[in-house]
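Secondary and tertiary structure notes
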Amino acid sequence: MKVRVAREVLAEAVGWVARGLPSRPSVPILAGMVVDAADGQVTLSGFDYESSAQVSVPAEVADEGRVLVSGRLLSDICKSMPRDSVDLSGEAARVQVSSGAARFVLHTLPLDEYPPLPEIPAASGVVDGDLFARAVAQVVSAAGRDDTLPVFTGIRMEIRGATISLLATDRYRLAVRTFPWEPVDAAVETNVLVPAKMLLDVAKAMAGHDLTLALGSTRTGDGLIGFEGGGRHATSRLIDGEFPKVRGLIPAESAVTSTVTVETASLVEAVKRVALVAERAAPVRITFADGAATLDAGNGEEAQASESVAVSLTGEPAVTGFNAGYLLDGLASLGTPIAHFAFTQPTKPANLTGLRSPEDTPSADAAYILMPMRLPT
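First, a word on what this report is: a plain description of the structure on this page.

So, how was this worked out
Residues numbered from 1 in each chain as written. Predicted model: local features only at pLDDT ≥ 70, side-chain atom pairs only at ≥ 80, totals over all residues. Heavy atoms only, no water. Helix = DSSP H or I, 4+ residues; strand = E, 2+ residues; numbered from the N terminus. Buried < 20%, exposed > 50% of the residue type's maximum accessible area, 1.4 Å probe, protein only. Contact = heavy atoms within 4.5 Å. Areas by Shrake-Rupley, 256 points an atom, 1.4 Å probe, with all protein chains shown as cover. Lys, Arg positive; Asp, Glu negative; His and termini not counted. Charge placed at Lys NZ, Arg CZ, Asp CG, Glu CD. 1 Å grid on protein atoms, 1.4 Å probe; cavity = no way out; pocket = protein on both sides within 12 Å on 5 of 7 lines; lining within 4 Å. Points joined across faces, edges and corners; volume = space filled by probe spheres on them. Nonpolar A, V, L, I, M, F, W, Y, C, P; charged D, E, K, R; others polar. Polar contact = N/O pair within 3.5 Å; in protein donor to acceptor, adjacent residues only side chain to side chain. Pairing = 2+ DSSP bridges. Axes fitted to C-alpha atoms, helices over the stretch in contact; angles between N-to-C directions.

Secondary structure assignment for the chain yields six helices and 26 strands. By principal-axis analysis of the C-alpha atoms, the chain measures approximately 75 × 50 × 40 Å. Out of the 377 residues in the chain, the part that is buried amounts to 47%. Look at the contacts in the chain between residues 6 or more apart in sequence, and 65% of them connect residues 24 or more apart. Accessible surface for the chain amounts to roughly 18400 Å². Of this, 50% is attributable to carbon and sulfur atoms. Distance between charge centroids for the chain: 4 Å, based on 32 positive and 45 negative side chains.

The next point concerns the side chain of His-340. Turning to its location among the elements, His-340 is positioned in strand β24 (residues 338-343). Among all residues touching His-340, those that are not within four sequence positions of it are Thr-259, Val-260, Thr-261, Asn-351, Leu-352, Thr-353, Leu-355 and Pro-362.

Bringing the layout of surface pockets into the picture now. Roughly 810 Å³ of volume is contained in the largest pocket. Taken together, 32 residues line the largest pocket, and the ones lying closest to its centre are Ser-51, Pro-195, Ala-196, Lys-197 and Met-198. Sorting the residues of the lining of the largest pocket by element identifies α1 (7-19), β3 (41-47), β4 (51-58), α4 (196-205) and β18 (232-237) as the ones contributing at least two each. At five residues, the largest contribution of residues to the lining of the largest pocket is made by α4. The residue inventory of the lining of the largest pocket, partitioned by class, reads 15 nonpolar, eight polar and nine charged.

The next subject is helix α6 (residues 324-334). The α-helix winds at 3.6 residues per turn, so residues separated by three or four positions along the chain end up facing the same way. Every buried residue belonging to α6 is among Ala-324, Leu-327, Gly-330, Leu-331, Ser-333 and Leu-334, and all of these are buried. The backbone nitrogen of Gly-325 lies 2.9 Å from a side-chain oxygen of the residue at the head of α6, namely Asn-323. Just past α6, the residue Gly-335 takes up positive phi, approximately 70 degrees.

Before going further, it helps to examine the sheet that holds strand β13 (residues 173-180). With respect to topology, 12 strands assemble into an open sheet ordered β15-β11-β12-β13-β26-β25-β24-β19-β22-β21-β20-β23, the strand pairing being antiparallel. Each of the sheet's edge strands pairs with one partner strand only, and the pair in question is β15 (189-195) and β23 (318-322). On average, each strand axis in the sheet is tilted by 25 degrees relative to the strand beside it, whichever way the strands run. Across seven bridges, the pairing between strand β11 (residues 154-160) and β15 is antiparallel. When the bridges of β15 are listed, Ile-159 appears paired with Thr-190. Sheet strands in contact with α6 are β13, β20 (284-289), β23, β24, β25 (350-355) and β26 (366-370), and its direction is about 170 degrees off that of β26.

Moving on, we come to the pairing of strand β17 (residues 224-229). Counting buried residues along β17, five of its six residues qualify, which places the element largely inside the surrounding structure. With four bridges joining them, strand β16 (residues 210-215) and β17 adopt antiparallel strand pairing. Bridged to Leu-215 within β17 is Ile-225. Strand direction decides the pairing type here: β17 and β18, joined by six bridges, are antiparallel. Bridge pairing in β18 places Leu-224 opposite Arg-237. Connecting β17 to the antiparallel partner β18 that follows it, the hairpin turn spans two residues, and Gly-230 within it adopts a positive phi of roughly 60 degrees.

Strand direction decides the pairing type here: strand β7 (residues 85-90) and strand β8 (residues 94-99), joined by four bridges, are antiparallel. Looking across to β8, one finds that Gly-90 is bridged to Val-95. As consecutive antiparallel partners, β7 and β8 are separated by three residues. What sits between β8 and strand β9 (residues 102-107) in their antiparallel hairpin is a turn of two residues, with Gly-100 showing a positive phi close to 60 degrees.

Structure representation (structure tokens):
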């Protein structure tokens, strides 16, 4: 192999593939990254039996070749190179990575022991990459992070003809986002559960391009989903498990007794300040009444904090309490200057949505449901 690649292009591509490599692989070979130089490009690939990532970038290929090297180490090296281009050269046993006066020699891993990447299934449809990235970003914060409860670490994709709904929950909050796409089969109806971390990484990397979704078998235990966009390919095994029936948590419009609109930035800053004195598991109390939201946290034995923010209240006053981190995650996911709360009862879940202006009405395509916390008496 003998090839030259622009440093920034190579570093970004290697870094993306390396992020999906396991930090503690079940077998050492899975820490490797395949580097394949041919036909005027370098293709980088990684696979850990659960997910795969592949990207091709343009290159000056003097000698074609294919090697397997430590992926994370190659990523660190490429990011640190001093010049605008990086040269890769070597043979089966060793690869030299150089840029300017910097030289690194990497020992290769046995390529014949590396598992073949799964084939991407036939295309199921196309979605705007930017729209998909925004939707995933709006729901991913509600996904669980406890690997002992894998169902909650996924994002459920509900495909109904020309629309896709994303749902995520960690049992304490629920995020929902619905958006259009162009399916191959206009009558398609299916549900899949995709690892949230992988889906976010793919959505970020493929934003700005038309994104092709490819669904393989969705049968229990052997489901696969594929993504293609911007010269990148990725696959992931689907999570095996039954996602809870959470749509019933979204308050019906007819049941709403009060609504509140507030400047998102003002509420975010107030929550951050008041939460400084809140104990880890204690809620921030919020009283919505008389054109203001009054936030309280802490206790008399240590420290207390209180702050008021101007709001527009319609309906009955409400007193509730939320986990500060969950509330801030929800506000950050809105991406709008105005936050809108809909309440049925203070002890029932509240629906948080975003508005472009105070005169707008909440969209049915998005929801962030917050479970209230029990307030101390």
